[in-house]
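# Observations on the model geometry
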Amino acid sequence: MENTPAIINPSESALPVAAQSASESAALAMAAQQKAVVEARYKMALARPRDLDAVRQNMLKDARRPSFASVAIYHKPIGKGVEGPSIRFVEAAIRNMTNILTETSTISEDEERRVIRVAVSDLETNTYFSQDVTVTKTVERSKLPQGEKPIRVRTNSYGKPVYILHGTDDDILNKQNSLISKAVRTLGLRLIPGDLVDEALYYVRQTMAKQDAADPDAAKNRIIDAFAQLGVPVEALKDFLGHELSSIDPTELQLLRSTYSAIKDGETTWKAVMDDKAEREAEAKAATSAARKSDAKKAEPATEKAQTRTDTAARKATATRQQPAPEPEPEPEPEMEEAPEMEPENDNDMFG
């Protein structure tokens, strides 16, 4: 079989070849530019290495600032609670560490999701960590807006429908920024010495404790105003704490403050916080009820045994009362002594 040469139309092939050549040139130029930028960063890092003593000093300086300390710790209500350094804390620590590079790049995208690679590198030690985050281009709504058609519908834990809709550009951007920030925090903590983190968090707590002790009312008002900006009213805060805000203590102030940081960073939502509280209260009630039932079952056999002993003693007492008294045995009669036989003194006495 003979190979038939393909007929090529020059008018059709000239444009793609030129476009391909321009695309390759642009790619090569971009790669060269990126290489130059990376080399410059590493050269600068080697020329100005970090001083861990200076890093520590700067981190503790930040920890002593009340405005920074108030958002440095987050609290997420999972089980007994998850607490740790917030995104704002890690961002400040990365700046103080110097010579740490954070990068993001989109590696894939379609109509429903976008995959972004987040990378954090230590330019001095050439240590590199990366994580891929998936940004879905959808949002969930409990109510279907008029005129909109949902992509799909699911049922939540309360048995109510949740509508999944196409997200707006702002919705997608907010979700993307939140996921990137959380990935940077996770990766950045791997490059920051743990002892510096622990020491800085200690001073963060000390800073907030001093500020709360100096003016408790002002501290309470600040956290109330902060939650108000998130759309959480005072009544919701009372429900969360279980009492009036006038009797709030320093520990509860710190709990509210760290919960606010978690919501602000996108770690959780106020609805999730209250749902977790309701779930924990239901579990506590169920555990208390089970303990009471168990104690009642344990007490039943002891009560039955005591009742049995009481009944047995009562029956014995009744039987003792009803039984006739035994007749006394007759006393034995005393034995009569026989008179001794008299011997006659003489024969005349014997016969008279």
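Residues numbered from 1 in each chain as written. Predicted model: local features only at pLDDT ≥ 70, side-chain atom pairs only at ≥ 80, totals over all residues. Heavy atoms only, no water.

### Considering the overall build of the protein chain
The number of helices and strands found in the protein chain is 11 helices and eight strands. On the protein chain, roughly 25,000 Å² of surface is accessible, and the fraction owed to carbon and sulfur atoms is 53%. (Helix = DSSP H or I, 4+ residues; strand = E, 2+ residues; numbered from the N terminus. Areas by Shrake-Rupley, 256 points an atom, 1.4 Å probe, with all protein chains shown as cover.)

### What about helix α2 (residues 52–63)?
With 12 residues, α2 ought to run about 16 Å at 1.5 Å a step, and its terminal C-alpha atoms sit 16 Å apart, in line with that. Among all positions in α2, only Val55, Met59, Leu60, Asp62 and Ala63 are buried. Taken down its axis, α2 places every buried residue within 155° of arc, on the same side. Exposed and oriented more than 90 degrees from the buried face of α2 are Asp53, Gln57 and Lys61. Where the residues of α2 are buried, they touch α3 (66–69), α4 (87–97) and α6 (194–214). Put simply, aspartate 51 is the residue that caps the front of α2, since its side-chain oxygen is 3.1 Å from the backbone nitrogen of aspartate 53. (Expected span 1.5 Å × (residues − 1). Buried < 20%, exposed > 50% of the residue type's maximum accessible area, 1.4 Å probe, protein only. Arc of directions from axis to C-beta. Contact = heavy atoms within 4.5 Å. Polar contact = N/O pair within 3.5 Å; in protein donor to acceptor, adjacent residues only side chain to side chain.)

### So, the sheet that holds strand β4 (residues 113–122)
Taking strand neighbours across the sheet as the criterion, the three strands line up as β3-β4-β5 in an open arrangement whose pairing is antiparallel. On the outer flanks of this sheet lie β3 (100–109) and β5 (127–136), each paired with one strand and no other. The sheet shows a mean angle of 20° between the axes of neighbouring strands, direction not considered. By the bridge criterion, nine bridges tie β3 to β4 in an arrangement that is antiparallel. Pairing of threonine 106 across the sheet is with isoleucine 116, part of β4. Sitting on the sheet, helix α5 (residues 169–188) touches β3, β4 and β5, and the angle it makes with β5 is about 155°. (Pairing = 2+ DSSP bridges. Axes fitted to C-alpha atoms, helices over the stretch in contact; angles between N-to-C directions.)

### Section: the sheet that holds strand β7 (residues 152–155)
Pairing is antiparallel in the open sheet, where three strands are placed in the order β6-β8-β7. Pairing within the sheet leaves two strands with one partner each, and these edge strands are β6 (138–141) and β7. Recorded for the sheet is a direction-independent mean angle of 30° between the axes of neighbouring strands. Note: β6 against strand β8 (residues 161–166), four bridges, orientation antiparallel. Its bridge partner being in β8, arginine 141 is matched across the sheet by tyrosine 163.

### Thoughts on the packing of α6 against helix α7 (residues 216–229)
Where α6 meets α7, the closest approach of the two axes is 5 Å, and the angle between their N-to-C directions is 115°. On the basis of the axis angle, α6 is roughly perpendicular to α7. Residue-level contacts link Gln211, Asp212, Ala213 and Ala214 of α6 to Pro216, Ala219 and Arg222 of α7. Partitioning the contact of α6 with α7 into residue classes produces four nonpolar, one polar and two charged. (Parallel < 35°, antiparallel > 145°, perpendicular 65-115°, else oblique. Nonpolar A, V, L, I, M, F, W, Y, C, P; charged D, E, K, R; others polar.)

### So, the pattern of salt bridges
Counting across every chain of the model gives 20 salt bridges. Residues glutamate 199 and arginine 56 are paired through a salt bridge, measuring 2.7 Å at the closest nitrogen-oxygen approach. Of this pair, glutamate 199 sits in helix α6 while arginine 56 is found in helix α2, placing the two residues 143 residues apart along the sequence. What makes glutamate 199 partly exposed here is its relative accessible area of 23%. Across the pair lysine 137 and glutamate 109 runs a salt bridge whose closest N-O atoms are separated by 2.7 Å. Placement of the pair is lysine 137 in the loop between β5 and β6 and glutamate 109 in strand β3, with a sequence separation of 28 residues. A residue is classified by how much of its surface remains accessible, and glutamate 109, at 45% relative accessible area, is partly exposed. The structure contains a network of salt bridges with shared partners spanning Arg50, Asp122 and Glu124. (Salt bridge = Lys/Arg side-chain N within 4 Å of Asp/Glu carboxyl O.)

### Examining the confidence of the model for the protein chain
Summarising the model, the protein chain shows a mean pLDDT of 82, and 80% of its residues fall at 70 or more. Mean pLDDT values over the elements of the protein chain span from 43, in helix α11 (residues 347–351), up to 96, in α2. Every residue in residues 10–15 scores below 50 in pLDDT, and together they form one contact with partners more than four places removed in sequence or on other chains. (pLDDT = per-residue confidence, 0-100.)

### Things to note about the environment of lysine 238
If you trace the backbone, lysine 238 turns up in helix α8 (residues 234–241). Along the backbone, lysine 238 and isoleucine 248 are 10 residues apart, and their C-alpha atoms lie at a distance of 9.6 Å. Apart from residues lying up to four places away in sequence, lysine 238 is in contact with His243, Glu244 and Leu245. Among the polar contacts listed, one links the side chain of lysine 238 to the side chain of glutamate 244, at a separation of 3.0 Å.

### Some points on the nonpolar core
One finds Met59, Phe89, Val118 and Ile192 to be the most contacted residues of the largest nonpolar core, which totals 33 residues. Contributing elements (two or more residues each) for this core: α2, α3, α4, β4, β5, α5 and α6. What valine 118 contacts, discounting residues up to four positions off in sequence, is Glu103, Thr104, Phe129, Ser130, Gln131, Val133, Ile180, Ala183, Val184 and Leu187. (Core = buried A, V, L, I, M, F, W, Y, C linked by side-chain atoms within 4.5 Å.)

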